[in-house]
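# Summary of structural features
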Amino acid sequence: MADTGWKFPTTEGFDLNNESGIWSGWIDPNSVQADDDVSSTVYQDGVSNNQKNTWGDFDFGIPTTNIITGVEFEIKGKTNSGTDYLNFKSGADRTSGVGGHLNVAPLLTTTFTVYSYGSPTTNYGLTGADMANGNFYVVASPNQSFGGHTLHLDYIKVKVYHSPPSGSLAWF
């Protein structure tokens, strides 16, 4: 079984609440593309719609016929209070497609903490084609029901485990 190594998104954030591409709530959304202690932030007032933002184009380089055996996510973030969520979506439409909802543990500290999700054997029903640039996105949104807090994300990175379809030869 091969893996992609840890990959950061290569596309800047895309605000799902504003299809024109102008961010209505996220500040510096492209900063999640590196582990550099510079964070992307969003404030949730508890009244507005969740400020969802998405990042993609991880450049996994997985053949579309390969079998996805597992996906791991690593997120470094913090918040001043409340519970925040991280979603991942796969599909050309950033708001739909296959994928799951990762309920991120409460980020209740005032210091950045690294959170890890998934495993080499948790594939979330994804395929090699789902992992292509333009198809796989990570979506982050603060929880609207816990208003009055700010979500800070330093980075999001993903590692994908995959193998050729059974019966095919792998050349090394």
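Sequence positions are assigned chain by chain, starting from 1 and proceeding in written order. With the structure being a predicted model, the display of local features is reserved for residues of pLDDT at least 70 and the display and counting of side-chain atom pairs for 80 or more, all residues being used for whole-chain, interface and lining totals. Excluded from the side-chain calculation are hydrogens and water; included are all heavy atoms of the structure.

## Things to note about the overall build of the protein chain
Secondary structure assignment for the protein chain yields 0 helices and 10 strands. Put simply, DSSP marks the helices as runs of H or I at least four residues long and the strands as runs of E at least two long, and each gets a number from the N terminus on. Listing the helices and strands of the protein chain from first to last along the sequence gives β-β-β-β-β-β-β-β-β-β. Buried, partly exposed and exposed residues are distinguished by accessible area as a fraction of the type maximum, computed with a 1.4 Å probe on protein chains only: under 20%, between the cut-offs, and over 50%, respectively. Per-residue burial for the protein chain yields a buried fraction of 44% across its 172 residues. In what follows, residue pairs with any heavy atoms lying within 4.5 Å of each other are defined as contacts. Across the protein chain, contacts joining residues at least 24 apart in sequence account for 79% of those joining residues at least 6 apart.

## Some details on the confidence of the model for the protein chain
Interpreting fine coordinate detail is not advised for predicted regions of low pLDDT. Confidence scores labelled pLDDT are given residue by residue by the predictor and lie between 0 and 100. Confidence along the protein chain averages 77 in pLDDT terms, with 65% of residues attaining 70 or more. A low-confidence stretch, residues 19–23 (pLDDT under 50), is modelled with 9 contacts involving residues beyond four sequence positions or located in other chains.

## Let's talk about unusual backbone geometry
Of note, the phi angle at Asp59 is positive, near 55°, even though the residue is not glycine. Looking at the secondary structure, you find Asp59 in the loop between strand E4 (53–56) and strand E5 (67–79). A positive phi is found at Tyr124, a non-glycine position, where the angle reads about 55°. Here Tyr124 shows up in the loop between strand E8 (113–119) and strand E9 (136–142).

## Focus: the nonpolar core
Core analysis: the biggest nonpolar cluster contains 23 residues, and Phe60, Phe73, Met131, Phe136, Leu153 and Val158 have the highest contact counts within it. At the level of secondary structure, the elements contributing two or more residues to this core comprise E5, E8, E9 and strand E10 (149–163). Per element, the largest residue contribution to this core is 5 residues, and it comes from E10. Here, the term nonpolar core denotes a set of buried Ala, Val, Leu, Ile, Met, Phe, Trp, Tyr and Cys residues that are joined through side-chain atoms within 4.5 Å.

## Focus on the packing of aromatic side chains
Stacked, tilted and edge-to-face pairs are distinguished by plane angle, under 30 degrees for stacked and over 60 for edge-to-face with tilted covering the rest, among Phe, Tyr and Trp rings (Trp via its six-membered ring) whose centres lie within 6.5 Å. Tallied over the entire structure, the rule returns 5 aromatic pairs. Ring centres 5.8 Å apart and planes at 70° place the aromatic pair Phe60 and Phe136 in the edge-to-face group. Of the two residues, Phe60 is situated in the loop between E4 and E5 and Phe136 in strand E9; the sequence distance between them amounts to 76 residues. Relative to Tyr124, the ring of Phe73 lies with its centre 6.1 Å away and its plane at 75°, an arrangement referred to as edge-to-face. Placement of Phe73 in strand E5 and of Tyr124 in the loop between E8 and E9 is noted, with a sequence separation of 51 residues between them.

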